[in-house]
Structures are given as structure tokens and as C-alpha cells.
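Residues per chain, in single letters:
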Amino acid sequence: MSRRTGVAASALRYYEELGLVGSVRTTGNQRRYPRHMLRRVSLISVAKRLGMPLSDVKEAFGEVPMESTPSHTDWQRASRRWKKRLEERRRAIERLEHELTGCIGCGCLSLKACALLNPDDALAEGGPGPRRLEIVPEDLAEEDDGA
């Protein structure tokens, strides 16, 4: 699998630990990956290149069987779940792009802008770090309405 996908054997073992891929053991205790794992490993590689967390990949693969070759329907369901996560990330990136013109998410670089956008540092109640650039609940509500 490592030779075929270009993914290091240590990474494959890690993915297996996380429950993203599965293998069977030979009598010599070597791992053997079923052919249908190629697609899973390839999709994991693409997700990593795009900066997607492995937890998102695991969620997308949630109902895709590991013990047998997934059907077209299995992959369609996974694709819809993954698309939802990608749309969330796209909206977050667009929000970041918009915010960068005036502020860096209230962490805070401008006392003048903060006086208008975050009076009395009200965002500090939400915890440390930038607060305005995180996914906000209304984004998730919009998504549920459209689904």
C-alpha cells in the first residue's frame, strides 16, 4: 500500500490506529490492505494536502464499510458529508479574507477598530484567542436549513 499510494508505512499504521483504514495480518504478522483501501488512503492524502483535519475525514468515512468493498451509494453518502465540511471551511476562509482588511479576528491589533467592533472587549468572554473568525452557530443553522 505504501509503494502504491506514496504514503509512508508509519502514516498507514497511524491511519489504522485512528480507524481510517483497515488491514489484515498474514501468518508472518505483516499488514495486508484490501484493494478497496486504496481509495480511502488516496482520499486521506488529498484531504491532508488541502489542510483538512483527519477528524473530518473520519466523519466523512463514517458509514463507509471497511470490511468490504464500498458501494457507489456508500461513497455518495460520504461525499455529501465531506462536501458539507468543505463548505464550512470555505465560508470560514471567506470570513477570514473579509476580516483581514480591518482586523485580525480580535486578538487584537487595532484599539481604534476594536472600540467599534468589540466594545469593552466583550469577545473575551468567549475565551482566549481570535473569536470573530471561528465558525459561528448561524452558519451551521443556514446549512441545516439548506440540507
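No experiment lies behind these values; they were computed from the predicted model shown.

Asker: Looking at this structure, I do not really get the pattern of salt bridges. What am I missing?
Answerer: Any two side chains of opposite charge can pair, given that their charged atoms come close. Going through the model one piece at a time under the given rule, you end up with 8 salt bridges. Asp56 serves as the salt-bridge partner of Arg85, at 2.6 Å between the closest nitrogen and oxygen. Highlighted residues: Arg85 in helix H5 (residues 72–99) and Asp56 in helix H4 (residues 54–60), separated in sequence by 29 residues. Take Arg85: its relative accessible area is 22%, and that puts it in the partly exposed class. Classification of Asp56 as buried rests on a relative accessible area of 5%. A salt bridge links Glu94 to Arg90, with the nearest nitrogen and oxygen atoms 3.3 Å apart. On the criterion of helical spacing, the pair formed by Glu94 and Arg90 is a turn pair, its members being 4 residues apart in helix H5. In the salt-bridge network here, residues are joined through shared partners; they are Glu63, Asp74, Arg77 and Arg81.

Asker: Any chance you could explain the layout of surface pockets here in plain terms?
Answerer: When its volume is computed, the largest pocket comes out at roughly 200 Å³. Lining the largest pocket are Met1, Ser2, Arg3, Arg4, Ala9, Leu12, Arg13, Arg31, Arg32 and Tyr33. At the level of secondary structure, the elements contributing two or more residues to the lining of the largest pocket comprise helix H1 (2–5), helix H2 (9–18) and strand S2 (31–32). Taken together, the residues of the lining of the largest pocket sort by class into 4 nonpolar, 1 polar and 5 charged.

Asker: Looking at this structure, how should I read the environment of Tyr33?
Answerer: You can see Tyr33 is positioned in the loop between S2 and helix H3 (37–49). The spatial distance from the C-alpha of Tyr33 to the C-alpha of Val21 is 8.4 Å, given a sequence separation of 12 residues. In this view, Tyr33 contacts Met1, Leu12, Arg13, Glu16, Val21, Gly22 and Ser23; residues no more than four positions away in its chain are not counted. Polar side-chain contacts of Tyr33 include one of 3.5 Å to the side chain of Glu16.

Cut-offs and rules
Residues numbered from 1 in each chain as written. Predicted model: local features only at pLDDT ≥ 70, side-chain atom pairs only at ≥ 80, totals over all residues. Heavy atoms only, no water. Salt bridge = Lys/Arg side-chain N within 4 Å of Asp/Glu carboxyl O. Helix = DSSP H or I, 4+ residues; strand = E, 2+ residues; numbered from the N terminus. Buried < 20%, exposed > 50% of the residue type's maximum accessible area, 1.4 Å probe, protein only. 1 Å grid on protein atoms, 1.4 Å probe; cavity = no way out; pocket = protein on both sides within 12 Å on 5 of 7 lines; lining within 4 Å. Points joined across faces, edges and corners; volume = space filled by probe spheres on them. Nonpolar A, V, L, I, M, F, W, Y, C, P; charged D, E, K, R; others polar. Contact = heavy atoms within 4.5 Å. Polar contact = N/O pair within 3.5 Å; in protein donor to acceptor, adjacent residues only side chain to side chain.

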